Amino acid sequence: MADKDGFKVAKDYQIEVPFANNSKSFYVKGANNLDWGMKKHLANIFDAKSGNTVMFAFDHGYFMGSVAGLERMDLLIPILAPHIDVMMCTRGALRTCVPPIGNKAVVLRVSSGSSMLNDDLSHEIVAVNIEDAIRCNADCMAVQAFIGADGQLESIRNLSNVINEGLRYSIPTMGVVAVGKDMERTDRYFKLATRTLAEIGVNIVKTYYCENFEEVVAACPVPIVVAGGQKLPEDEALTMAYRAISAGAHGLDMGRNIFQSKQPVSMAESIRLIVHHKATDKEAYEFYQDSIHK
């Protein structure tokens, strides 16, 4: 076991220095040494020009049912699909509510656990095997990970099993940082959690924005996609998105901040302006206001 005594508190993140192990032939962070199939799936997720992605998360129903604000996925998903890059969903939602047309990437939620009726959501299982992920034509498999909290060992076991199966068939894995009820959303925690998941072998990390986020990004050798989290006023959500992308995140995975918006399509397009076109939060919010008043 490593001796924790004598470890220095890391401070030199050299945030101004670009990630070193990227080739000119492929642009996704940390993917330089992956095989062709892995790279193709990652290229489906991350835009070749901006290097970023707009994910739309609608996997909330696996623990929240319909109370998340997604009462009619069958009506909402076809409307939003043209305005996002990636769908993050369960296999049930994919097969019942997503038309099998178009070129949208799929990040498939493969972990599952207790419903919101149970306060403890930290003990999940792997609910979808690799064969069904392949049948769903998934570009990536998503697993919840509780680091530093109850359920950590189970999370790491789930994640490791999915990574190993994904490597057999060249399907990437995204580790989703879950913040336990006793954990603080600080840069110290997210530096631990994101780096841990990357070292275990995930190809993408989904986490929350925090102070000193540029240091979290610099220390993580795979792309970070920032979760939208709880519903915010549109201007605040766009400011968070702008700060995350400016700090080096390679995408936003917005769910409630899109589908609970008064104008979901306008909100998705506003997010796209920040993620792919380097718009500021003010410019994106002006676009949002203009679009809803047309």
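Below, the structure is looked at part by part. Owing to the predicted nature of the structure, the values given are computational and were not obtained by experimental measurement. (Residues numbered from 1 in each chain as written. Predicted model: local features only at pLDDT ≥ 70, side-chain atom pairs only at ≥ 80, totals over all residues. Heavy atoms only, no water.)

Description of the overall build of the protein chain
For the protein chain, the count of helices and strands is 12 helices and 10 strands. Taking 19 Å as the expected radius of gyration for a compact globule of 294 residues, we find that the protein chain reaches 18 Å, a close match to that expectation. Here the protein chain holds 294 residues, and the buried ones make up 49% of them. Across the protein chain, every contact between residues at least 6 apart in sequence was considered, and the portion connecting residues at least 24 apart equals 64%. Placing the 30 positive and 35 negative side-chain charges of the protein chain at their respective mean positions leaves the two points 4 Å apart. (Helix = DSSP H or I, 4+ residues; strand = E, 2+ residues; numbered from the N terminus. Rg over C-alpha atoms; globule rule 2.2 N^0.38 Å. Buried < 20%, exposed > 50% of the residue type's maximum accessible area, 1.4 Å probe, protein only. Contact = heavy atoms within 4.5 Å. Lys, Arg positive; Asp, Glu negative; His and termini not counted. Charge placed at Lys NZ, Arg CZ, Asp CG, Glu CD.)

Re the pairing of strand 8 (residues 204–207)
Neither face of strand 8 is left uncovered, since the one carrying Ile204 and Lys206 and the one carrying Val205 and Thr207 both have all their residues buried. Direction of pairing for strand 7 (residues 173–178) relative to strand 8: parallel, over a ladder of three bridges. Looking across to strand 8, one finds that Met174 is bridged to Ile204. Summarising the sheet, strand 8 and strand 9 (residues 224–227) pair through three bridges and their orientation is parallel. Residue Lys206 lies in a different strand from strand 9, and its bridge partner there is Val225. With respect to chirality, the unit in which strand 8 leads through helix 8 (residues 213–219) into the neighbouring parallel strand 9 is right-handed. (Pairing = 2+ DSSP bridges. Right-handed = clockwise from strand over helix to strand, strands pointing away.)

A closer look at the nonpolar core
Ranked by size, the top nonpolar core spans 66 residues in total, and within it Phe56, Phe58, Leu108, Phe213, Leu252 and Ile271 carry the most contacts. For this core, the leading source of residues is helix 9 (residues 234–246), giving six residues. Excluding residues within four positions of it along the chain, Phe58 makes contact with Leu70, Met73, Ile77, Met87, Met88, Cys89, Ala93 and Val98. Counting 18 residues, the second-largest nonpolar core is a separate cluster that includes Leu42, Ile45, Ala57 and Val86. (Core = buried A, V, L, I, M, F, W, Y, C linked by side-chain atoms within 4.5 Å.)

A closer look at the sheet that holds strand 10 (residues 251–254)
Strand order in the closed barrel made by the eight strands is 1-2-3-6-7-8-9-10, with parallel pairing throughout. Across the sheet, the mean angle separating the axes of adjacent strands is 25° when strand polarity is ignored. Strands strand 9 and strand 10 of the sheet are contacted by helix 9, whose axis makes an angle of about 150° with strand 10. The strands touched by helix 11 (residues 264–277) within the sheet are strand 1 (53–57) and strand 10, with strand 1 carrying the most contacts at an inclination of about 145°. (Axes fitted to C-alpha atoms, helices over the stretch in contact; angles between N-to-C directions.)

Here's the deal with helix 1 (residues 36–45)
Considered for burial, the residues of helix 1 that qualify are Met38, Lys39, His41, Leu42 and Ile45. All buried residues of helix 1 fall inside an arc of 160° around its axis, so they share one side. Check the buried side of helix 1 and you find it contacts strand 1, strand 2 (86–89), strand 3 (105–109), strand 6 (140–146), helix 6 (152–169) and strand 8. (Arc of directions from axis to C-beta.)

Structural notes on the state of the cysteines
This model, assessed by the stated rule, comprises zero disulfides. Unpaired in terms of disulfides, Cys140 finds its nearest cysteine sulfur in Cys89, a separation of 12 Å. What makes Cys140 buried here is its relative accessible area of 0%. (Disulfide = S-S within 2.5 Å.)

Concerning unusual backbone geometry
Look at Asn137: it is not a glycine, yet its phi comes out positive at around 55°. Relative to the helices and strands, Asn137 is located in the loop between helix 5 (130–135) and strand 6. Here Asn137 falls in the exposed class, since its relative accessible area comes to 56%. In the Ramachandran plot, Lys278 falls in the positive-phi region, its phi being about 60° despite a non-glycine side chain. By secondary structure assignment, the location of Lys278 is in the loop between helix 11 and helix 12 (281–292).

Overview of the packing of helix 11 against helix 12
Put simply, helix 11 and helix 12 touch, their axes get as near as 9 Å, and they point 155° apart. Taken together, the axis directions place helix 11 and helix 12 in an arrangement best described as roughly antiparallel. Where helix 11 crosses over helix 12, the two elements pack in a sense that is right-handed. Here Ser266, Met267, Glu269, Ser270, Leu273 and Ile274 of helix 11 come into contact with helix 12, specifically with Asp281, Ala284, Phe287, Tyr288, Ser291 and Ile292. Across the contact of helix 11 with helix 12, the residue classes break down as seven nonpolar, three polar and two charged. (Parallel < 35°, antiparallel > 145°, perpendicular 65-115°, else oblique. Left-handed = near helix turned anticlockwise from the far one by under 90°. Nonpolar A, V, L, I, M, F, W, Y, C, P; charged D, E, K, R; others polar.)

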